[in-house]
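The residues making up each chain are set out below.
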Amino acid sequence: MYIEFNNTEAAFPQPVNDCPLAVETLLEVRGLSKQYRSKNRTVKVFENIDLQVRPHEVVCLLGASGCGKSSLLTTLAGLQTADAGEICFAGETLTKPDPRLGIMFQDPCLLPWLRVRQNVAFGLTLDAAPKLGKTELKQQIETALQWVGLQHSADAYPSQLSGGMAQRVSLARALVRNPDILLMDEPFSALDAITRLGMQELLLKLIADRRSAVVLVTHDIDEALILADRILLMGGSPGRIVKEWIVPIRQPRLQQLHRLIDLRMEILETLSSSSAGVS
Ligand SMILES: Nc1ncnc2c1ncn2[C@@H]1O[C@H](COP(=O)(O)OP(=O)(O)O)[C@@H](O)[C@H]1O
Ligand SMILES: [Mg+2]
């Protein structure tokens with residue numbers, strides 16, 4: 001089952017969760033374009049991106065390597081500026097990083113000289129983070145550690161952690177700021193299959209508990225089918241959003257993936273016809 005991206009009425013997912021999706025849009029991107037300039041040349045990385053994310057919605061972004069997925073995500077996070085277009089969050093135009101949008105990368109990027117607790121606290125020391133008192137700060141860090149099941153490893157150093165644990169610290173560091181939307185760039189792709197499945201289950205639990213919206217870049221169709229309410233395919237050069245699918249089964253979905261075989265095949269065929277593969 002697929003819908004064309006420009007079919008805006010159908011572009012909004014039907015409620016597939018027990019808690020129906022709210023009607024309003026949390027994140028709205030209009031006509032977003034970005035180019036990189038070097039001494040000798042200018043390269044358009046993505047162009048005219050329109051994207052809406054509703055509260056509590058999980059949107060997965062698939063696409064060939066180099067089509068601009070990471071550039072789009074870092075632009076949404078305010079870590080770099082767009083050349084054209086607008087990013088609106090909860091009705092306001094965003095022009096700089098905002099604590100309501102958290103970001104997580106494939107590499108956990110932990111500071112090796114800081115303990116787990118301090119690495120998580122780092123998410124609260126950024127300029128854009130809300131200013132908190134000492135007790136509230138401590139409470140928020142402990143809560144974030146509990147969310148990812150690392151309350152007993154709070155005093156460990158990054159070198160003492162497995163890959164999955166390090167990614168959980170990275171997740172806690174993003175969550176500690178209580179974001180309304182989590183932007184995730186291939187967050188589990190460096191993990192082994194079992195650890196990855198554990199992280200996907202953890203993310204689903206967090207989404208259900210905290211009701212955050214998520215935009216997740218992945219190269220793994222199965223990951224998108226497990227997690228997403230909607231799957232967007234990005235392609236071309238400069239990158240654009242070329243196709244959209246709604247995943248028609250409510251969560252928990254893991255035991256029902258066999259029902260998505262047709263959709264999986266369709267995504268795979270579209271990917272192979274639009275590119276040589278995904279990143
Ligand atoms: N900071 C940058 N400066 C110049 N070119 C960049 C920069 N970041 C990415 N690119 C280029 O932009 C293109 C898209 O990169 P990226 O957003 O990482 O794509 P994807 O995540 O889809 O693989 C690539 O050709 C990459 O080399
Ligand atoms: Mg990338």
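Just above, that's the structure.
Residues numbered from 1 in each chain as written. Chains lettered and ligands numbered in written order. Predicted model: local features only at pLDDT ≥ 70, side-chain atom pairs only at ≥ 80, totals over all residues. Heavy atoms only, no water.

Peer 1: Help me out: how do you make sense of the overall build of the protein chain in this one?
Peer 2: Of regular secondary structure, the protein chain possesses 8 helices and 10 strands. Sorting the 279 residues of the protein chain into buried and exposed places 51% on the buried side. Within the protein chain, residue pairs in contact and separated by at least 24 positions form 73% of the contacts whose partners lie at least 6 positions apart. Carbon and sulfur atoms form 52% of the exposed surface of the protein chain, whose accessible area is close to 13300 Å². (Helix = DSSP H or I, 4+ residues; strand = E, 2+ residues; numbered from the N terminus. Buried < 20%, exposed > 50% of the residue type's maximum accessible area, 1.4 Å probe, protein only. Contact = heavy atoms within 4.5 Å. Areas by Shrake-Rupley, 256 points an atom, 1.4 Å probe, with all protein chains shown as cover.)

Peer 1: Where do I start with the side chain of Arg210 in this structure?
Peer 2: Along the polypeptide, Arg210 turns up in helix H6 (residues 193-210). In this structure Arg210 is buried but unpaired, with Asp180 as the nearest side chain of opposite charge at 6.7 Å. Reaching out from Arg210, the side chain makes a polar contact with the side chain of Asn178 at a distance of 2.7 Å. Residues in contact with Arg210, not counting those within four places in the same chain, are Trp147, Leu175, Asn178 and Pro179. (Lys, Arg positive; Asp, Glu negative; His and termini not counted. Salt bridge = Lys/Arg side-chain N within 4 Å of Asp/Glu carboxyl O. Polar contact = N/O pair within 3.5 Å; in protein donor to acceptor, adjacent residues only side chain to side chain.)

Peer 1: Teacher, can you tell me more about unusual backbone geometry here?
Peer 2: One can expect most non-glycine residues to show negative phi and most peptide bonds to be in trans. The omega torsion across Ser237 and Pro238 is 0 degrees, close enough to zero to call that bond cis. Within the secondary structure, Pro238 sits in the loop between strand E9 (230-235) and strand E10 (240-246). A cis geometry characterises the amide bond from Gln251 onward to Pro252, with omega recorded as 0 degrees. With respect to the helices and strands, the residue Pro252 is situated in the loop between E10 and helix H8 (261-274). Of note, the phi angle at Ala90 is positive, near 45 degrees, even though the residue is not glycine. Under the relative-accessibility criterion, Ala90 is labelled partly exposed at 43%. Even without a glycine there, the phi angle at Asn178 is positive, about 55 degrees. Considering the arrangement of structural elements, one finds Asn178 in the loop between helix H5 (163-175) and strand E7 (181-185).

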